[in-house]
Structures are given as C-alpha cells and as structure tokens.
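Read off the chains here:
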Amino acid sequence: ASNMDEGVKVDGATVLARALKAQGVEYMFGIVGIPVIEVGMAAQAAGIKYIGMRNEQAASYGASIIGYMTGKPAVCLVVSGPGLVHALAGLSNAKENCWPVIVIGGSSEQDQEAMGSFQELPQVEAARPYCKFSARPNSIERIPFYVEKAYRQSIYGRPGACYLDIAGNMVNATVNEKDVWSSIICPPPPKSFADPESVKVAADLLYYAEKPLVIVGKGAAYAHAEAAVQELVIGAQLPFLPTPMGKGVIPDDHDLCVAPARSKALQEADVILLLGARLNWMLHFGMPPRFNPKVKIIQVDICHEEMNNNIKAAAMLVGSLDTVLNQLNEEINRRPGKFAFSKAAPWWKTLKGKIQQNQQSVQKMMSDKSVPLNFYSAYEDIQKLLPKDCIIVSEGSSTMDISRTMIPNSLPRHRLDAGTYGTMGVGLGFAVAAAVWCRDHAPEKRVVCIQGDSAFGFSGMEIETLCRYKLPVIIIIMNNNGIGFGMDDDSWQSLSESTDLTLTSPPTSLMATAHYERMMAAFGGNGYFARTTEEITKCVSAAMSKQQVSIVNVMINPMSMKKPQDFFWLTKSKI
Ligand code: ADP
Ligand code: MG
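Residues numbered from 1 in each chain as written. Chains lettered and ligands numbered in written order. Predicted model: local features only at pLDDT ≥ 70, side-chain atom pairs only at ≥ 80, totals over all residues. Heavy atoms only, no water.

Undergrad: I'd like a rundown of the site of ligand 1, residues and numbers included.
TA: Around ligand 1 sit 20 residues, and of these Arg158, Lys218, Thr243, Arg278 and Asp301 come closest. Within the side chain of Thr243, a nitrogen or oxygen atom sits 2.5 Å from an oxygen atom of ligand 1. Between ligand 1 and Arg278 there is a distance of 2.7 Å, counted from an oxygen atom to a side-chain nitrogen or oxygen. Contact with the protein chains covers 96% of the free accessible surface of ligand 1, which is 580 Å². It is helix H9 (residues 218-222) that contributes the most residues to the shell around ligand 1, 3 residues altogether. By residue class, the composition of the shell around ligand 1 is 8 nonpolar, 8 polar and 4 charged. (Near = heavy atom within 4 Å. Polar contact = N/O pair within 3.5 Å; in protein donor to acceptor, adjacent residues only side chain to side chain. Areas by Shrake-Rupley, 256 points an atom, 1.4 Å probe, with all protein chains shown as cover. Helix = DSSP H or I, 4+ residues; strand = E, 2+ residues; numbered from the N terminus. Nonpolar A, V, L, I, M, F, W, Y, C, P; charged D, E, K, R; others polar.)

Spelled out as structure tokens, the structure:
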C-alpha cells in the first residue's frame, strides 16, 4: 500500500492525551508502569501537568479533590489489575461524595483477552459500581468520543466518577490522524431552575417558620453558590449550620452560625432549608430523635432521585443550587415586610443560650494546658497561627471531629476531610492536589494538613511527593499514639518489654511517641516536635514562615477525646 495518501500517523497515547487536553483537563495524578508510561509522557507533551504519586489510592483521592475544588475532573492514571484495584478507593470515595473524576487504567491487550494475560482483570466491570460511565474504547480513532462522554458524565447532573480502560496494545499503536474522531468540546453544565410552584411553597414555609434553620452542605460549596447562599441567609437573618465540608460557604465566625448549638438546632427546628446536603448518616437521616418529628424540609438538590430520601420533603427544589437560590431570593423579596421569625424571637434566645453553654464547656478544656495536651487545648494554639485563607485538610477520628469545631473556615471549599464515605487516608492525596492547585492558581495560600497519627500512616510516603514537587504543605500530626487513642509512653514501654504485643497490644495502639517529624530528614523538609503550648506556637510559626514542606508532630494525651455529649448517640456520629 502507498504511504502517500495515508498522511500523518498518531499513537493511541497521544490521541488520548490530546482529547483530555481539548476538554480542559489540567491535572493527571498517577503511578505509571506497563502499559501506561507513554500515556503519562503524552499527557505532559499535550500540556497536562502530571503528578507522580506513591500509591494509587492517594493518586485517586488527589484527582477527585481537584474535581470538588474546581468543578472540573482531573485524571487518575493507573496500571492494569492491582493498579486499578487500588484506585477503586478513590473511585468509590468520589462516587459517594458526588465529585467528578476520570480514572484511566491501562489494561491487557485486546487479542489476549481471557487468556490469563499480565495483570488481567475485568476492569470495566470492576469500576462500574462506582461510576456513572465505565467503558473500554474499541479503537484508537474513537478515543476522543469516549473521553468527551466521560468528561461530560462526570460533571453533568449529579457529579461523579468515570472510568476509561485503555487496552495495552492501543497505547503505542498508530493510526492515521485524519481518521481520529474530532470531539465535541463539552461546555460547562447547563443551569437548571426549580419548579416555580415549589419555590413559592418554599418561600411561604420560610416566611411563616417560627424556628427556621438552614443547613449548608458541600453541594452548595461545589456549586460555587456562596453569593446566593449568603444573600438568602444574611438577608433573612436565618440561623445556619454548615456540614463539615459546607464550612466556609458562609464564614464560620458569622453570628448567624449556630454550629456550637448543633444538636439543639436540629432537634427543634420546624422548617429546615437543606442546601446541597443529603439526609444520610451525617445528618442522622433527618429522623427523630435527632430531628423534630414534625420538621418540614425544603430540599434543594440537583438530583431528582435524592428527593424524599428517608424523609418526605415539604418542598422539592430540584435544580442548580445557585440559580434555585436566586429564584428563592426573588420569591422571598416579593413578600411584604418581615418574616414571622426574627432575631428577637424565642428561637434565637434558645440557640444563643445553648451556644454560650457549649462554649463554656469547651473553654474549660481549651485552657487546660497540662501536658500532654488535650485536642481542644492544642487546637486553640494552632488555630491562632493559621491564615484565614488557608486550605485545611483534616482527617482522623477525634483529630477531624474536634477540628471541625475548633478550626474555623472563612472561605468555601477550604475544608477537605473524610467526607461522606468517612474515608481515612485521604489526607495526603488531598494535600498534594490542593497544594499543586494553589501553586498554579492561588500561590499566596497555604495548605495545612491536620491528621491523626493513624490517618497520616495510610499514605505517609506522599511526603516524598510533596518534597519532590516542592509543595510547601504543613502537616500537623495530632499524635495520640493510636487509632482513636493509644497507650501512654510508660504503659507502652512496660507492655512491650514484658509481653507478646501481638497478643496484648490493644488493636487501637500504634507506637507510643513515634517521631514522625524525623521522616522529613530523608527528603529535605522540616521536622518539628511539640509537646507544650509554647512549643506548638514556636514550631507552627516556624513552619509557616518557610515556603517548604514541614511536619509538626504534636503529642496529644491518648485519653483526650471529644467533649462529653448530651446524648449517648452523639458519640457514635462523625459530625
Ligand atoms: P454534605 O456531606 O455536606 O452533607 P452531601 O455530599 O451529602 O453533602 O450532599 C451534596 C449534595 O449536593 C448531593 O446530593 C448532590 O446531588 C448535590 N449537588 C451537587 N452539585 C450540585 C449543584 N450544582 N446544585 C445543586 N445540588 C448539587
Ligand atoms: Mg491517633
């Protein structure tokens, strides 16, 4: 055959990379190996930034948090078989949190299918339960079609995860460039409005409510709806409660925030405006005894199927959060005079009273500076040193729970935590991704990763990634010697000398007083060890002053936990 009329050749890796770039993909996180090394290289050649991670879990978490922060998917690139299996962690986490991400897995060659080929796994099927779209392109020419479809499905409607499987033989094989499908460039998701009749019902419910409450979820943060949310809440002077990742849509220190009276607010509210949050375990399913059995819920969500989940909604507002809130604001402004509810109402007195009472009990623990410090006391010192615009990554049990109340957020999408799936081990993947995003888009911001010692351990090797790419994250390890809690130093020493630890060490225990900060010496970052208030202040300030990676290892009393709760069932909840 003559080569003359065939024209320019292009390989599969390049077709894939160019298609991703054309859709606007900015970042690819991954671990390469056979058969995807060339995909990583082609991505860089196409202008996609490639971040090489140390395990696929962290890579998949990192890619998905870019999706949450920006509303556009990043890619996670993994090898076949075990590579994809590890990345299912991030796929399922993204699915549960409704975050866009595209995982791309290399896979075995097409003509070796079912033969027992290298790392063979039914990858499209393995990914499918966690995906909105999972597919294997059947030719190099059609790859751009699949890429557009995955990109679109990840961000349209309720956001979520997608998987593309690239057969190993397609990576280096070439086709005629003119035969490659040209792809539709996916526009941003179209905005949708709620049914105007439901908007009227919702406005009336709020207008006549005696004990209204607004719950601000991470869907509101994802939707970048902060302006509309603030207009409504501040305009009508409504008490609001953020979910953990809804923090910062309205600043935590706003006087309408009733987070310190959370239980009371949930239990007694008669009308709840639910903004981009699901009535799942994190909100106790919307049910008694945690909620008023007669509460009327106004549900605002982009997902039709979410309506009436667990509790029948009094008004169903399906649409894009920002446009729906604009509708609601307009409808409310049409009503005369003041709401039935006002800041002079008994409801505010109840809430304010409870806020004061709870603040007093926390104050006691904050001012207890005995060593080893308790969580509240350590956070009181740390919190003062954090810039208002920093991105806080937080995970661990008490470390995360208590940071939610002790570390305020002023800006939306600035708290990244274990999320809907309660996933431990997300922290360093999130930190790498948040830091690379800050480097490119907000270089004045710092990323501070506050983790328990157990949570740090899941992906501790990503400190090499941070140092390699010079991403100046400050990792603060709240070290209580274990999962939830561990043993104090003396008990640990005597136990380990006298017994077989595999029979006697509590399953929650990790090494007592482990010097995680010394790991920094291996990669050229800064390590600090802090036991006292003074040491915390000194070490965190020093870390802040350097544009480098730091670990501050803060020793916490293993017996320090959450403040005593009014109801025993509170202690079971993560929020
Ligand atoms: P939280 O953990 O804060 O309670 P969830 O993850 O449970 O939040 O809920 C977030 C909700 O936001 C999901 O039900 C999702 O469908 C919804 N959502 C996501 N994007 C939008 C959007 N642009 N407009 C409206 N709702 C959205
Ligand atoms: Mg711990």
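Resuming the write-up.
Undergrad: Describe the environment of Lys352, listing the residues and the values that go with them.
TA: If you trace the backbone, Lys352 turns up in helix H13 (residues 346-366). Remark: the alpha-carbon pair of Lys352 and Asp255, spanning 97 residues in sequence, is separated by 9.8 Å.

Undergrad: An account of unusual backbone geometry is needed here, citing residue identities and associated values.
TA: Residue Ile34 is joined to Pro35 through a cis peptide bond whose omega torsion reads 5 degrees. Considering the arrangement of structural elements, one finds Pro35 in the loop between strand S2 (27-30) and helix H2 (37-45). Omega for the peptide link from Val371 to Pro372 comes to -5 degrees, which places this bond in the cis form. For Pro372, the position within the fold is in the loop between H13 and helix H14 (375-385). Here the phi dihedral of Cys98 falls at roughly 60 degrees; this positive angle occurs in a residue that is not glycine. Among the structural elements, Cys98 can be located in the loop between helix H4 (82-97) and strand S5 (101-107). Here Cys98 falls in the buried class, since its relative accessible area comes to 13%. (Buried < 20%, exposed > 50% of the residue type's maximum accessible area, 1.4 Å probe, protein only.)

Undergrad: Which residues make up the coordination of the magnesium ion (ligand 2), and what values go with them?
TA: At the metal site, the magnesium ion (ligand 2) is ligated by Asp453 (OD), Asn480 (OD1) and Gly482 (O), and these contacts range over 2.0 Å. Asn480 gets classed as buried once you look at its relative accessible area, which sits at 4%. (Donors = N, O, S within 2.8 Å, 3.2 Å for Na, K, Ca; no water.)

Undergrad: Describe a nonpolar patch on the surface, naming the residues involved and giving the relevant values.
TA: On the surface, Val32, Ile37 and Met41 cluster together to form a nonpolar patch covering roughly 260 Å² of accessible area. Mapped onto the elements, Ile37 comes out in helix H2. Among the residues examined, Ile37 registers a relative accessible area of 37% and is labelled partly exposed. (Patch = residues over 30% accessible without salt bridge, like charges linked within 9 Å, V, L, I, M, F, W, Y side chains within 5 Å. Salt bridge = Lys/Arg side-chain N within 4 Å of Asp/Glu carboxyl O.)

Undergrad: How would you summarise the sheet that holds strand S9 (residues 212-216) if you had to cite specific residues and measurements?
TA: Strands sit in the order S10-S9-S11-S12-S13 across an open sheet of 5 strands; the sheet is parallel. Strand pairing shows two members of the sheet lacking a second neighbour, strand S10 (240-242) and strand S13 (315-318), which therefore form its edges. In this sheet, adjacent strand axes meet at a mean angle of 15 degrees when their direction is disregarded. For S9 and S10, the ladder comprises 3 bridges, and the chain directions are parallel. Looking at S10, one finds that Val214 is bridged to Phe240. Each of strand S11 (271-275), strand S12 (296-301) and S13 is contacted by helix H8 (residues 196-208), which is oriented at about 125 degrees to S13, the strand it contacts most. (Pairing = 2+ DSSP bridges. Axes fitted to C-alpha atoms, helices over the stretch in contact; angles between N-to-C directions. Contact = heavy atoms within 4.5 Å.)

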